[in-house]
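A closer look at the structure
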Amino acid sequence: MGLNEYDAWSAPRRLNEAHIRDKVKEVHMNFLESGVDILTTSTYDFDYELDDTGPYQMKSQWVFENLNLVRETVDEFMAKKSKSVDVLRPLLAMSVGSVATRITGRAETANREHEVDGECKRVEGYGYKASEIIHYFNVRLADDILRHAAIYDVAVIAFETVGDLLEVQVICDVLKTKADLLAETAMSTWVTLTCLDEETVDTGGSVTSCFELLAKCPQVTGVGVNCTEPHLVTPIIGKIKQVLKECNAEDKLIVVYPNSGEIYLSRELKDGETNYWKAHSSYKDWNFADAAMEWIDNGAHIVGGCCRITAQNIAELAKKVGKL
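Report follows, based on the coordinates. In this text the structure is predicted, and so the values were computed from the model without any measurement. Numbers given to residues run from 1 along each chain, matching the order in which its sequence is written. pLDDT decides what is reported in this predicted model: residues at 70 or higher carry local features, side-chain atom pairs at 80 or more are listed and counted, and totals for whole chains, interfaces and linings draw on all residues regardless. Excluded from the side-chain calculation are hydrogens and water; included are all heavy atoms of the structure.

Structural notes on the side chain of Asn 226
By the secondary structure assignment, Asn 226 is in strand 8 (residues 222-226). A simple rule labels every residue: compare its accessible area, found with a 1.4 Å probe on the protein chains alone, to the largest value its type can have, and call it buried under 20%, exposed over 50%, or partly exposed in between. Of the residues examined, Asn 226 reaches a relative accessible area of 0% and is grouped as buried. We define a polar contact as two N or O atoms separated by no more than 3.5 Å, with the added condition that, inside protein, one atom must be a possible hydrogen donor and the other a possible acceptor, whereas residues neighbouring each other in sequence contribute only through side-chain atom pairs. At a separation of 2.8 Å, a polar atom in the side chain of Asn 226 contacts the side chain of Thr 192. It only takes one pair of heavy atoms within 4.5 Å for two residues to be counted as in contact. Those residues in contact with Asn 226 that lie beyond four places of it in its chain are Glu 160, Thr 161, Thr 192, Leu 193, Thr 194, Tyr 257, Pro 258 and Cys 306. Only DSSP runs of H or I covering at least 4 residues are called helices, and only runs of E covering at least 2 are called strands; the numbering of each starts at the N terminus.

Details of the pairing of strand 9 (residues 253-257)
Strand 9 sits mainly inside the fold: 4 of its 5 residues count as buried. Here, a strand pair is defined by DSSP locating no fewer than two bridges between the strands. With 5 bridges connecting them, strand 8 and strand 9 associate as parallel partners. Within strand 9, the position partnered with Val 225 by the bridge is Val 256. Here is how to tell: hold the view so the strands point away, follow the path from the first strand over the helix to the second, and if it runs clockwise the crossover is right-handed. Handedness of the β-α-β unit built from strand 8, helix 9 (residues 233-246) and strand 9 comes out right-handed. One ladder, built from 2 bridges, connects strand 9 with strand 12 (residues 302-303); its direction is parallel. What sits directly across from Val 255, in strand 12, is Ile 302.

Some words on helix 9
A helix is expected to reach a length of 1.5 Å times the quantity of its residues less one. Taking 1.5 Å per residue, 14 residues should reach 20 Å; helix 9 reaches 20 Å between its end C-alpha atoms and fits that length. Taken together, the buried positions of helix 9 are occupied by Val 233, Ile 236, Ile 237, Lys 239, Ile 240, Val 243 and Leu 244. Down the axis of helix 9, the sector holding all buried residues measures 160°, keeping them to one side. Across helix 9 from its buried face, at more than 90 degrees, point the exposed residues Lys 245 and Glu 246. Buried residues belonging to helix 9 abut strand 6 (195-197), helix 8 (207-215), strand 8, strand 9 and helix 10 (288-297). Of the residues flanking the end of helix 9, it is Asn 248, one or two places downstream, whose phi is positive at about 55°. Read the arc as the range of directions from the helix axis to the C-beta atoms.

Regarding the sheet that holds strand 8
The strand order 1-2-4-5-8-9-12 describes an open sheet built from 7 strands, whose pairing is parallel. Edge positions in the sheet fall to strand 1 (38-40) and strand 12, since each of these pairs with one other strand and no more. Axis lines are fitted to C-alpha atoms, over the contacting stretch for helices. Their N-to-C directions set the angle, which ranges from 0 to 180 degrees. Contacts between helix 6 (residues 165-177) and the sheet are confined to strand 4 (154-162) and strand 5 (188-193), with strand 4 contributing the most and set at about 160° to the helix.

Here's what the structure looks like:
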């Protein structure tokens, strides 16, 4: 992307800076050119408060500006491809992230490394009360935000990198209060978990229990994992299929978009370390496109990539899928 760690994470809040706006637009365009069918907005982390403080209007405006930019980019992409009858307009997924984004100094992905004595918040609710998590998602899913999302052609609300059982319950409860508006705007939702292993989400809760809650929530359209180590995806797909069958919810889509398997250094870099992602020997010869084809073969309906998966990786997968 050509930005440092701080600029990359803060970019969606700094679209008033021309060089930042251009970089975000460039990334969107690169993924569009790679052949994506679904493009996620850069609205993952907007640092909403867990109480009634904080400049809500300013932060909501950041969301609207990012929605405008991504639709503008898609419009330009479609205009360039207007002579090709094979190009369908990509769907937009608006990310609302996870309440874990509120924890300073803690990455959300389960495959992270902290200081030896660092606080990683692997406790229920990340240490927050249910009422605080409810407030967070009520703000992120405020009616004006959802209506703007629909105006900007958003098709899916994406709850991403969710690592906690209590958080999953709260998401389901909040979505039920938004049932009429979601139906009115015809927007779908998906909820994807970040997992320590095939049995456990990030804060220690049961993966199966999370999927059972999601399977029973009528407002959830898709379930799956993201920002999780790739080798966990296939067994988790099997678990999802089993839960959906047992809950008579096999109409829900299975959504998987793991990271590269590298470990995120959620701490200060040490001597000799040059970036915040550390290679994992298990993935030395790993190929994203081949792995994604395996996930499709095992029942995933929507596949993609999270951290460190590039537009080139997606292009390779698009070529393989195009040969089916």
